[in-house]
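Residue-level structural notes
The lines below spell out each chain.
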Amino acid sequence: MATFFFYGWCGVIVAGLLTLAMSKKIIHAALGLLAVLVALAGIYALLSAELLAVIQLMVYAGGVLVLILFGIMLTGRLSDQPMRIESRHVGMGLVVSAALFLTLVVFVGPAFLSVAPTDKPGSLRALSLSLFSEYTLAFELAGILLLVSLIAGAVMASSRQS
Amino acid sequence: MNVATTGWNVWVPLALALPLVSFVIRYLIGHRYGWVVPLLATAFLLAGWVCATVLLVGHSHGTSTFSLPWFSMGADVISVGWQLSPRSVTMLWAVYTISLLVHIYSIGYMAGEAGTARYFAWLGFFTFAMGGLVVSSNLLVTFCCWELVGLSSYRLIGHWRERPAASAAATQAFLVNRVGDLGFLVALMFLWSQAGTWEISALVSMPHSDELKTAVGLCLLLAVAGKSAQFPLLHWLPDAMAGPTPVSALIHAATMVAAGVYLFVQLHFLFSADALAVAAVVGLVTVFVGGWGALTQFDLKKILAYSTISQLGLMVAGVALASPEAGFTHLLAHAFFKAGLFLTAGALIHAVSHHGRAPQQDIRHLSGLWSSHRAVVICFMVCAASLAGVPFTSGFLSKEVLLSQVGNHPVYFGLMAASSLLTSLYCARLVMYLLAPRPAGLVTHPIPPIMVLPVFVLSLGSLFIGLSRSPFSLQSGWPVFATETLAPWVAFVSTGLLILGVGLAWRLYRHRPEQGPSESWIPHTWLDSVQKHLVLTPALRLSKATDQVDQRWLDGILHAASYGYVAFSFVIGWVDRVFVDGLVSMVTTVAQGGGKLFRALVNGKIQSYLTWGMLALLSFMVWMLYQLAHR
Amino acid sequence: MIATHHIFVLSALLLSVGLFVLLTKRNAIVLLMGLELILNAANLNLIAFNRLYADALHGETMAVFVMVIAVCEAAVGVALVLRVYRHYATAVPDQINQLKDPS
């Protein structure tokens with residue numbers, strides 16, 4: 001059952017990736033990204049990482065994507081036509097990415113063929129506990145980082161000529 | 001016999017050096033004081049004459065040699081030194097005496113002329129060279145002095161530089177002498193290779209093969225012929241009369257031309273019988289050629305020149321046929337009376353010539369001086385009498401010695417007798433022309449006494465006392481003469497020939513004809529052209545041919561070499577440009593290309609940066625994983 | 001059980017496509033999208049391999065932080081793109097090449 005869902009989400013991911021990579025319209029690309037992000041949340045849930053699934057949906061799909069959509073909106077104002085995405089050096093990109101994919105799959109993949117995962121319990125409680133005990137410092141620092149990037153983004157995006 | 005005479009050895013270099021000093025003095029005295037040079041030269045020569053007299057008086061017997069090593073060739077040492085024998089001492093004294101008298105005469109003769117410093121300098125140098133030639137004990141040194149004598153003769157004949165005839169005559173004299181010097185050199189080579197030494201004293205004591213003697217003899221004969229004007233090398237002597245008369249007196253009558261005969265006398269032992277026969281023939285031919293020349297000339301100095309040639313031939317024939325002592329006797333006598341004749345002739349010419357015009361040397365116009373210059377004319381006649389062989393003169397004595405020593409051979413005796421007839425003929429002719437009545441309107445100058453004194457001394461020497469105390473034999477004469485008896489019938493024959501000659505001259509020349517036999521009979525004109533065709537033209541052609549070779553071939557080779565070099569340098573330049581510079585520019589091109597290649601990576605496009613970065617990372621990953629997998 | 005190997009292949013695919021998008025597209029926003037893909041691929045790997053060590057949750061914790069950082073980066077990135085867009089009037093990265101070699 002889990003594998004069936006897993007392969008379903010995989011299909012969604014693949015479709016999203018294809019859309020993202022090959023569409024000419026930027027909105028379609030953004031929607032493709034959205035599909036990928038949502039499907040990933042589903043896979044996280046299947047892997048017993050519920051908190052992360054939710055965070056993924058909220059933060060990525062709801063935050064980052066919206067941010068990107070805003071970006072699309074703000075950078076596409078020159079003409080009334082939606083911007084067309086052009087590609088450059090597609091061959092080279094294909095070669096490099098295919099090489100990377102093959103390298104990983106051929107050289108690194110076989111190491112995990114005989115690995116047997118264990119069934120692990122849900123992680124919400126354990127994750128929260130570890131966030132506030134073991135990783136408190138990192139947590140705090142992450143907060144500071146968020147604050148800083150908030151300010152930075154606000155400053156940079158402002159229309160003042162500074 | 002060797003006499004221990006170390007004390008005398010200082011006089012020889014002193015005697016030789018004093019005239020040399022007078023040569024050097026000329027270069028030290030400036031132009032302003034040029035008038036002192038003649039007096040100074042004469043003074044030095046007087047001192048030298050005193051040394052020579054000391055040697056003559058003190059060293060009249062025996063032989064001594066002195067030598068210093070000069071240079072060495074390997075194991076052989078050539079030394080320079082002198083040999084004092086009665087003969088060399090006497091000859092040295094004769095040379096110095098005549099040179100001194102010529103110096104004194106020249107003070108008057110060359111007075112007022114430009115270039116007297118030069119003249120006296122070379123007179124001194126000549127005396128030094130001649131003295132060296134006479135006393136030298138090594139044939140190499142003799143040869144050096146021989147050449148130096150020739151050099152000073154060249155300078156003195158050509159003293160009047162502004163006259164082209166003088167320069168031409170000087171050159172001719174020098175060149176003809178060179179032909180003779182060739183003979184001397186070859187003889188030296190023969191002697192070195194066969195006998196191994198050039199020392200006269202050593203050569204005397206060595207036995208020599210007949211072939212060597214013939215070879216050396218013929219070569220030396222060539223040298224003698226060149227220097228002493230034997231046939232066919234005699235035509236330079238009449239032309240040398242273009243020089244000043246005192247020069248003719250010193251060099252071409254008494255000393256330089258006598259050097260050849262002197263050499264003949266010294267080295268008589270090196271001549272084989274065949275060489276002596278050839279020498280006799282040459283000498284006899286010269287006698288008649290010279291005598292005939294004297295008969296046909298009207299120039300006073302040329303007559304005396306031909307007479308000198310004739311007498312030199314007689315000397316050579318005498319040494320060859322009679323004995324060296326006989327020839328030497330005649331050499332001494334001839335020195336005095338010929339010098340006297342020349343100096344007198346110079347004085348007479350000086351009396352008749354006018355300043356600014358060419359000197360009057362034609363005997364047809366020198367007549368009538370008996371009344372105005374009696375003393376000089378008498379001296380002239382005394383010397384001429386000595387030449388002709390009149391009794392009571394030295395010439396008579398020397399001719400008697402010659403004739404008596406060949407008395408055994410009728411042919412030779414006949415030829416010599418004929419020569420003495422010829423001599424008396426031309427002497428009488430000369431005197432007759434001179435004693436002709438004075439033409440009207442002849443203006444003469446007085447002769448300065450300084451010129452008369454040497455003439456007087458020489459004419460005294462031409463009398464019998466010049467040779468011996470008795471007018472009829474040499475037995476009480478100078479120690480150099482071999483004491484031998486003279487056959488009295490010879491005296492009668494020679495006196496008879498003398499009278500015959502005078503009578504013949506009286507008949508032929510009583511009316512003093514203005515024309516003589518044509519000059520084409522004189523051999524020296526065609527001798528000149530023979531030499532020109534034999535020697536000069538081929539030499540010129542050879543030199544032209546070598547010049548052609550040099551220009552076309554040698555220069556051509558040089559040009560080709562230089563062209564080749566230039567072409568080679570072009571090739572080198574091409575190689576340098578193409579290869580060496582090409583190498584350098586290839587390096588730069590590679591560097592530039594590499595730079596351009598890497599610069600193209602920095603194109604400001606982040607996606608291309610990312611692409612290359614990913615490729616690098618990828619390759620690193622692949623390699624790492626490969627290593628990990630195969631460890 | 002979901003095979004770890006398959007998840008790994010999936011994440012490798014995400015990574016490759018993300019890289020492809022990053023290298024190829026001529027729009028700055030799309031580059032950011034590709035970047036998100038790469039980050040998500042890393043996240044997926046982290047969470048998947050956490051299953052192999054079930055006693056601790058290090059993987060998931062790290063994934064949380066990865067997300068945080070990804071958000072920050074996306075925010076700043078969009079702000080940058082906007083700023084650059086305003087200056088150069090273009091969102092095509094190739095045309096923002098003032099930092100290239102002047103020759």
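Please refer to the structure placed before this passage.
These lines cover the structure that appears in this document, whether it is placed above or below. Small disclaimer: the values here were computed from a predicted structure and weren't measured.

**Looking at the overall build of chain B**
- What chain B contains, in helices and strands, is 21 helices and two strands.
- Within the span of chain B, comprising 631 residues, buried residues form 51% of the whole.
- In chain B, 79% of the contacts between residues at least 6 apart in sequence involve partners at least 24 apart.
- Counting only carbon and sulfur atoms, one obtains 70% of the accessible surface of chain B, whose full area is about 27900 Å².

**What about the overall build of chain C?**
- Within chain C one finds three helices and zero strands.
- Of the regular secondary structure in chain C, the N- to C-terminal order runs α-α-α.
- Considering only contacts within chain C whose residues lie at least 6 apart along the sequence, 57% involve residues at least 24 apart.
- Counting only carbon and sulfur atoms, one obtains 69% of the accessible surface of chain C, whose full area is about 3700 Å².

**Some remarks on the packing of helix H13 (residues 300–321) of chain B against helix H17 (residues 410–434) of chain B**
Residue and element names in this part refer to chain B.
- At a closest axis distance of 11 Å, the pairing of H13 and H17 adopts a crossing angle of 160°. Accordingly, the angle class assigned to the pair H13 and H17 is roughly antiparallel. Crossing of H13 over H17 shows left-handed handedness. Across the interface between the two elements, Leu300, Ile303, Leu304, Ser307, Ser310, Gln311, Leu314, Ala317, Gly318 and Leu321 from H13 touch Tyr412, Met416, Ser419, Thr423, Tyr426, Arg429 and Leu430 from H17.

**Side note on the interface of chain A and chain B**
- Taken residue by residue, the interface counts nine residues in chain A and 10 residues in chain B.
- For the chain A and chain B pair, buried surface summed over both sides reaches about 890 Å², with 86% attributable to carbon and sulfur atoms.
- Counting the surface chain A buries against chain B, the share from its top three residues, Arg88, Val96 and Phe107 of chain A, is 51%.
- For the pair chain A and chain B, the number of links is zero salt bridges.
- Partitioned by chemical class, the residues of the side of chain A that touches chain B number seven nonpolar, one polar and one charged.

**Examining unusual backbone geometry**
- One non-glycine residue, Ser48 of chain A, adopts positive backbone phi at about 60°.
- Relative accessible area serves as the criterion here: at 15%, Ser48 of chain A is assigned to the buried category.
- One non-glycine residue, Ala229 of chain B, adopts positive backbone phi at about 55°.
- Looking at the secondary structure, you find Ala229 of chain B in the loop between helix H8 (210–227) and helix H9 (236–239).

**Examining the interface of chain A and chain C**
- Listed as interface residues are 85 residues of chain A and, on the opposing side, 65 residues of chain C.
- Of all residues in chain A, Leu47, Tyr60 and Met156 of chain A give up the largest surface area on contact with chain C, accounting jointly for 10% of the area buried on that side.
- If you look at where chain A meets chain C, you find zero salt bridges.
- Linking chain A to chain C there are nine residue pairs in polar contact (both at pLDDT 80 or more).
- Those elements that provide at least two residues to the side of chain A that touches chain C are helix H1 (2–22), helix H2 (26–46), helix H3 (50–75), helix H4 (90–108), helix H5 (124–133) and helix H6 (136–157) of chain A.
- Looking at the side of chain A that touches chain C element by element, the count peaks at 12 residues for H3 of chain A.
- Split by residue class, the side of chain A that touches chain C holds 60 nonpolar, 18 polar and seven charged.

**Concerning the packing of aromatic side chains**
Residues and elements named next belong to chain B.
- Within this structure, the stated rule accounts for 24 aromatic pairs over all chains.
- Taking the centre distance of 5.0 Å and the plane angle of 75° together, the rings of Trp70 and Phe71 count as edge-to-face.
- Seen in terms of ring centroids, Trp146 and Phe184 are 5.1 Å apart; in terms of plane orientation they differ by 75°. Their pairing is edge-to-face. Taken together, the residues Trp146 in helix H5 (residues 139–157) and Phe184 in helix H6 (residues 164–194) connect sequence positions 38 residues apart. The pair formed by Trp146 and Phe184 is uniform in burial state, with each residue classed as buried.
- One Lys or Arg, Arg163, reaches over the ring of Trp160 and ends 4.1 Å from the middle of that ring.
- Just above the ring of Phe298 sits the side chain of Arg429; from NZ or CZ to the centre is 5.1 Å.

**Overview of the pairing of strand E1 (residues 64–73) of chain B**
Residue and element names in this part refer to chain B.
- Of the strand pairs in this sheet, E1 and strand E2 (residues 76–84) are connected by nine bridges, and their pairing is antiparallel. Across the sheet, Leu68 pairs through a bridge with Val80, a residue of E2.
- Linkage of E1 to E2, two consecutive antiparallel strands, is achieved through a turn of two residues, within which Gly74 is found at a positive phi near 70°.

**Quick word on the pattern of salt bridges**
Residues and elements named next belong to chain B.
- Applying the stated criterion across every chain yields a total of three salt bridges over all chains.
- We note a salt bridge from Arg87 to Glu325, for which the minimum N-O separation is 3.8 Å. On the criterion of sequence distance, the pair formed by Arg87 in helix H3 (residues 86–109) and Glu325 in helix H14 (residues 324–352) is long-range, its members being 238 residues apart.
- With relative accessibility at 30%, the residue Glu325 sits in the partly exposed group.
- The closest approach of N and O atoms between Glu147 and Arg178, which form a salt bridge, is 2.7 Å. On the criterion of sequence distance, the pair formed by Glu147 in helix H5 and Arg178 in helix H6 is long-range, its members being 31 residues apart.
- Salt bridges linked by common partners bring Glu147, Arg178 and Asp181 together as one network.

**A word on helix H2 (residues 28–50) of chain C**
All names here are of chain C.
- Over its 23 residues, H2 extends 34 Å from the first C-alpha to the last, a length consistent with the 33 Å expected when each residue adds 1.5 Å.
- The element H2 is extensively covered by neighbouring structure, given that 17 of its 23 residues are classed as buried.
- For H2, the capping residue at the N-terminal end is Asn27, with a side-chain oxygen 3.0 Å from the backbone nitrogen of Ile29.

**Remarks on the environment of Ala339 of chain B**
Residue and element names in this part refer to chain B.
- Along the chain, Ala339 turns up in helix H14.
- Owing to a relative accessible area of 0%, Ala339 belongs among the buried residues under this scheme.
- Residues Ala339 and Ser462, spaced 123 residues apart in sequence, show a C-alpha to C-alpha distance of 9.7 Å.

**Digging into helix H11 (residues 256–266) of chain B**
- With 11 of 11 residues buried, H11 of chain B lies mostly within the body of the structure.
- Within the span of H11 of chain B, buried status applies to Met256, Val257, Ala258, Ala259, Gly260, Val261, Tyr262, Leu263, Phe264, Val265 and Gln266 of chain B.

**Points about the side chain of Thr423 of chain B**
- By secondary structure assignment, the location of Thr423 of chain B is in helix H17.
- Ignoring any residue separated from it by four or fewer positions in sequence, one finds Thr423 of chain B in contact with Gln311, Leu387, Ala388 and Lys399 of chain B.

**Section: the nonpolar core**
- Within the largest apolar cluster, 171 residues are counted, with the highest numbers of intra-cluster contacts made by Met91, Trp236 and Phe264 of chain B.
- Per-element tally for this core: the top contributor is H14 of chain B, with 18 residues.
- Apart from the residues lying within four places of it in its own chain, the contact partners of Trp236 of chain B are Gln172, Ala173, Val176, Asn177, Gly226, Lys227, Ala229, His252, Met256 and Val257 of chain B.
- Within the second largest apolar cluster, 55 residues are counted, among which are Ala39, Tyr60 and Ile72 of chain A together with Leu82 of chain C.

**So, the packing of H1 of chain A against H2 of chain A**
Residue and element names in this part refer to chain A.
- Direction vectors running N to C along H1 and H2 enclose 160°, while the axes themselves pass 7 Å from each other. By the angle class used here, H1 and H2 are roughly antiparallel. Crossing handedness for the pair H1 and H2: left-handed. Of H2, the residues touching H1 (which contributes Ala2, Phe5, Phe6, Trp9, Val12, Ile13, Gly16, Leu17, Thr19 and Leu20) are His28, Ala29, Gly32, Leu33, Ala35, Val36, Ala39, Leu40, Gly42, Ile43 and Leu46.
- Class assignment for the residues of the contact of H1 with H2 results in 16 nonpolar, five polar and no charged.

**Side note on a nonpolar patch on the surface**
- Nonpolar side chains collect at one region of the surface, where Met92 of chain A together with Leu597, Phe598, Leu601, Val602, Ile606, Tyr609 and Trp612 of chain B lie side by side and expose about 760 Å² of accessible area between them.
- Within the secondary structure, Leu597 of chain B is located in helix H20 (residues 523–601).
- For Leu597 of chain B, a relative accessible area of 57% corresponds to the exposed category.

**A word on the environment of Phe288 of chain B**
All names here are of chain B.
- Inspection of the secondary structure assignment puts Phe288 in helix H12 (residues 273–296).
- By relative accessible area, which is 28% here, Phe288 ends up partly exposed.
- In contact with Phe288, other than residues within four places in its own chain, are Leu415, Ala418, Ser419 and Leu422.

Thresholds applied
- Residues numbered from 1 in each chain as written.
- Chains lettered and ligands numbered in written order.
- Predicted model: local features only at pLDDT ≥ 70, side-chain atom pairs only at ≥ 80, totals over all residues.
- Heavy atoms only, no water.
- Helix = DSSP H or I, 4+ residues; strand = E, 2+ residues; numbered from the N terminus.
- Buried < 20%, exposed > 50% of the residue type's maximum accessible area, 1.4 Å probe, protein only.
- Contact = heavy atoms within 4.5 Å.
- Areas by Shrake-Rupley, 256 points an atom, 1.4 Å probe, with all protein chains shown as cover.
- Axes fitted to C-alpha atoms, helices over the stretch in contact; angles between N-to-C directions.
- Parallel < 35°, antiparallel > 145°, perpendicular 65-115°, else oblique.
- Left-handed = near helix turned anticlockwise from the far one by under 90°.
- Buried area = accessible area lost by both parts, 1.4 Å probe.
- Salt bridge = Lys/Arg side-chain N within 4 Å of Asp/Glu carboxyl O.
- Nonpolar A, V, L, I, M, F, W, Y, C, P; charged D, E, K, R; others polar.
- Polar contact = N/O pair within 3.5 Å; in protein donor to acceptor, adjacent residues only side chain to side chain.
- Phe/Tyr/Trp six-rings, centres within 6.5 Å; stacked < 30°, edge-to-face > 60°.
- Lys NZ or Arg CZ within 6 Å of the ring centre and 35° of its normal.
- Pairing = 2+ DSSP bridges.
- Expected span 1.5 Å × (residues − 1).
- Core = buried A, V, L, I, M, F, W, Y, C linked by side-chain atoms within 4.5 Å.
- Patch = residues over 30% accessible without salt bridge, like charges linked within 9 Å, V, L, I, M, F, W, Y side chains within 5 Å.

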